[in-house]
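Report on the structure
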Amino acid sequence: MKKFVKSFLQCGFLGWSLEILFTALGSLRQRDLKLRGQTSLWMFPIYGSVCLLTPIFRLLRKIPVFFRGSVYALCIFSGEYLTGSLLARHDFCPWNYERSRWNIHEVVRLDYFPNWFLAGLLFERLLAPNK
C-alpha cells in the first residue's frame, strides 16, 4: 500500500507539472510571454491513477518503443475519455475539446496522440525503470 501511495503521488505531481508546462508553452501562441500554466485539482487523481498502468509498463518493457508508446497513448485516451465523460456529466470537467476537429465527445483530442505517447513513456520510466 505504501508503494501504491508513493507511485500515485509521483504520477499526480508529474502529470500536474507536465500540464502546467504544456499550458504555459501553449500561451506562446497568443504571444503571452507571462507563460502562465494552469491545471485543476481534478487532474491530480486523474494523473495519479496512471500508477494503475504499472503492470502494463513492466509487461511491455522489452517491446519496441513505438508499440509501447502507442499502447500507453491508447490507455491514456481511455482514461481521459472515462474521467472526462464522468466529470462532464456533472459539469466538472476542466477541459473541453469542442473546438478541435479531432475531438471525441469533446473529452479526447486525437491530435494529442504524440503528447500521450511521450507522456506514457515518461511514466513508464518513473514506474518501471530499467534495472
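Residues numbered from 1 in each chain as written. Predicted model: local features only at pLDDT ≥ 70, side-chain atom pairs only at ≥ 80, totals over all residues. Heavy atoms only, no water.

1. Notes on the pattern of salt bridges
Enumeration according to the criterion identifies three salt bridges in this entry. Note that Glu124 is salt-bridged to Arg61, the shortest N-O span being 2.3 Å. One end of the pair, Glu124, is in helix 5 (residues 113-127); the other, Arg61, is in the loop between helix 3 (54-60) and helix 4 (65-89), and 63 residues separate them in sequence. Here Arg68 ties to Glu124 by a salt bridge, and the two come within 2.7 Å at their closest N and O atoms. You can see Arg68 sitting in helix 4 and its partner Glu124 sitting in helix 5, a full 56 residues away along the chain. Overall, Arg68 belongs to the buried group, its relative accessible area being 10%. Linked by salt bridges that have partners in common, Arg61, Arg68 and Glu124 make up one network. (Salt bridge = Lys/Arg side-chain N within 4 Å of Asp/Glu carboxyl O. Helix = DSSP H or I, 4+ residues; strand = E, 2+ residues; numbered from the N terminus. Buried < 20%, exposed > 50% of the residue type's maximum accessible area, 1.4 Å probe, protein only.)

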